[in-house]
Amino acid sequence: MNAPSQFGIVPGRVLAGNYRVDRFIGSGWEGEVYLVTERLTGAQRAAKIFFPERNAKDKAAVYYARKLERLRDCRIVIQYHHAEQVRLKGQPVTVLISEFVEGTLLPDHVAANPAGRLPVFEALHLLYAIATGLAEMHERREYHGDLHAGNVLVRRRGIHFEAKLVDLYDRGKAASWNIREDVCDLIRIFYDAVGGRATYAAQPPIVKSICLGLKRTLIHKRFPTAWHLCRHLDTVEW
């Protein structure tokens, strides 16, 4: 669950002269996100407001904006629009304006199921949706860097899912290790979504062929990139 707002921005406040705050969406390590409406057009946007202490010399905001811009054509990445400077609590803060995506954070989606976990068939569809989007990032030699369920926004479309990844993290220039760790983190998301340790022994072979007991050396070898995981899901029989 997201932490309460630290900025304490109330609905109705206007930011940068053009964005009316509708509601607080949530917070992370770098800052807070609000749903805002562009006063001129009525379009809804997401405003990510960076905590000044986590954004020295705007390094975090600039990194995040540039990475989103490099990945603009990746379906799993939220589209960045522009940056604004506003004053909150007497100090300047940076705000990144991006598209607003309807959806539910993955932990909330999983918790809404009667058993508190996803059926295997549904979890596989979700895994495939995230893996194909992540594969596009990896193909560009980019990575997420902090992939966990709380950074996955999902929306159900029949038996399919639309997924968006948020809060990309800066762990330096992309290397094979970053990409392999993204895959390990994704498989951990899948493992937890189907019940984690409590149900793993009873899971069907297809689940175990993906999770591999969460042994990172085995996962690195079988799925060095998200594309390898996608190919496995495309061809596995069960």
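As the structure is a computational prediction, the values presented were derived from the model and not from experiment.

Peer 1: Residues and numbers for the packing of helix H3 (residues 120-139) against helix H8 (residues 226-235), please.
Peer 2: Direction vectors running N to C along H3 and H8 enclose 145°, while the axes themselves pass 8 Å from each other. Here H3 runs over H8; the crossing is left-handed. The segment H3 lies against H8, with Leu124, Leu127, Tyr128, Ala131, Thr132, Leu134, Ala135, Glu136, His138 and Glu139 engaging Ala226, Trp227, Leu229, Cys230, Leu233 and Asp234. Along the lines of polarity and charge, the residues of the contact of H3 with H8 split into 11 nonpolar, two polar and three charged.

Peer 1: For a nonpolar patch on the surface, give the residues involved together with the corresponding values.
Peer 2: Where nonpolar side chains cluster on the molecular surface, the patch consists of Phe121, Ile159 and Trp238 and spans about 370 Å² of accessible area. Here isoleucine 159 is to be found in the loop between strand S8 (152-157) and strand S9 (160-165). Taking the relative accessible area as the measure of exposure, isoleucine 159 reaches 44% and is therefore partly exposed.

Peer 1: Tell me what's going on with the pairing of strand S5 (residues 80-88), and back it up with residues and numbers.
Peer 2: The pairing of S5 with strand S6 (residues 91-99) spans eight bridges and is classified as antiparallel. When the sheet's bridge partners are listed, alanine 83 is paired in S6 with leucine 96. Linkage of S5 to S6, two consecutive antiparallel strands, is achieved through a turn of two residues, within which lysine 89 is found at a positive phi near 50°.

Peer 1: For the packing of H3 against helix H4 (residues 176-193), give the residues involved together with the corresponding values.
Peer 2: For the pair H3 and H4, the least separation of the axes is 10 Å and the interaxial angle reads 165°. Between H3 and H4, the angle falls in the class roughly antiparallel. Considering the relative orientation of H3 and H4, their crossing is right-handed. Taken together, the residues of H4 that come into contact with H3 (itself represented by Ala123, Leu124, Leu127, Ile130, Ala131, Leu134 and His138) are Ile179, Asp182, Val183, Leu186 and Phe190.

Peer 1: So, the sheet that holds strand S2 (residues 19-27): which residues are in play, and what are the values?
Peer 2: The strand order S1-S2-S3-S4-S6-S5 describes an open sheet built from six strands, whose pairing is antiparallel. Lying at the two open borders of the sheet, with one neighbouring strand each, are strand S1 (14-15) and S5. Pairing geometry for strand S4 (residues 44-50) and S6, over five bridges, is antiparallel. Across the sheet, isoleucine 49 pairs through a bridge with valine 95, a residue of S6. Running over the sheet, helix H1 (residues 59-70) touches S4, S5 and S6 and is turned about 15° from S6.

Peer 1: Any chance you could break down the nonpolar core for me, citing the residues and the numbers?
Peer 2: The biggest cluster of nonpolar side chains holds 54 residues, and the ones touching the most others in it are Met137, Phe190, Ile210 and Leu229. Of all the secondary-structure elements, those providing two or more residues to this core are H1, helix H2 (106-111), H3, S8, S9, H4, helix H6 (205-211) and H8. Per-element tally for this core: the top contributor is H3, with 11 residues. Sequence-distant contacts of phenylalanine 190, that is, excluding residues within four places in its chain, are made with Ala123, Leu124, Leu127, Val207, Ile210 and Cys211. Core analysis: the next-biggest nonpolar cluster, separate from the first, contains 15 residues, Ala47, Phe51, Val93 and Ile97 among them.

The rules we used
- Residues numbered from 1 in each chain as written.
- Predicted model: local features only at pLDDT ≥ 70, side-chain atom pairs only at ≥ 80, totals over all residues.
- Heavy atoms only, no water.
- Axes fitted to C-alpha atoms, helices over the stretch in contact; angles between N-to-C directions.
- Helix = DSSP H or I, 4+ residues; strand = E, 2+ residues; numbered from the N terminus.
- Left-handed = near helix turned anticlockwise from the far one by under 90°.
- Contact = heavy atoms within 4.5 Å.
- Nonpolar A, V, L, I, M, F, W, Y, C, P; charged D, E, K, R; others polar.
- Patch = residues over 30% accessible without salt bridge, like charges linked within 9 Å, V, L, I, M, F, W, Y side chains within 5 Å.
- Areas by Shrake-Rupley, 256 points an atom, 1.4 Å probe, with all protein chains shown as cover.
- Salt bridge = Lys/Arg side-chain N within 4 Å of Asp/Glu carboxyl O.
- Buried < 20%, exposed > 50% of the residue type's maximum accessible area, 1.4 Å probe, protein only.
- Pairing = 2+ DSSP bridges.
- Parallel < 35°, antiparallel > 145°, perpendicular 65-115°, else oblique.
- Core = buried A, V, L, I, M, F, W, Y, C linked by side-chain atoms within 4.5 Å.

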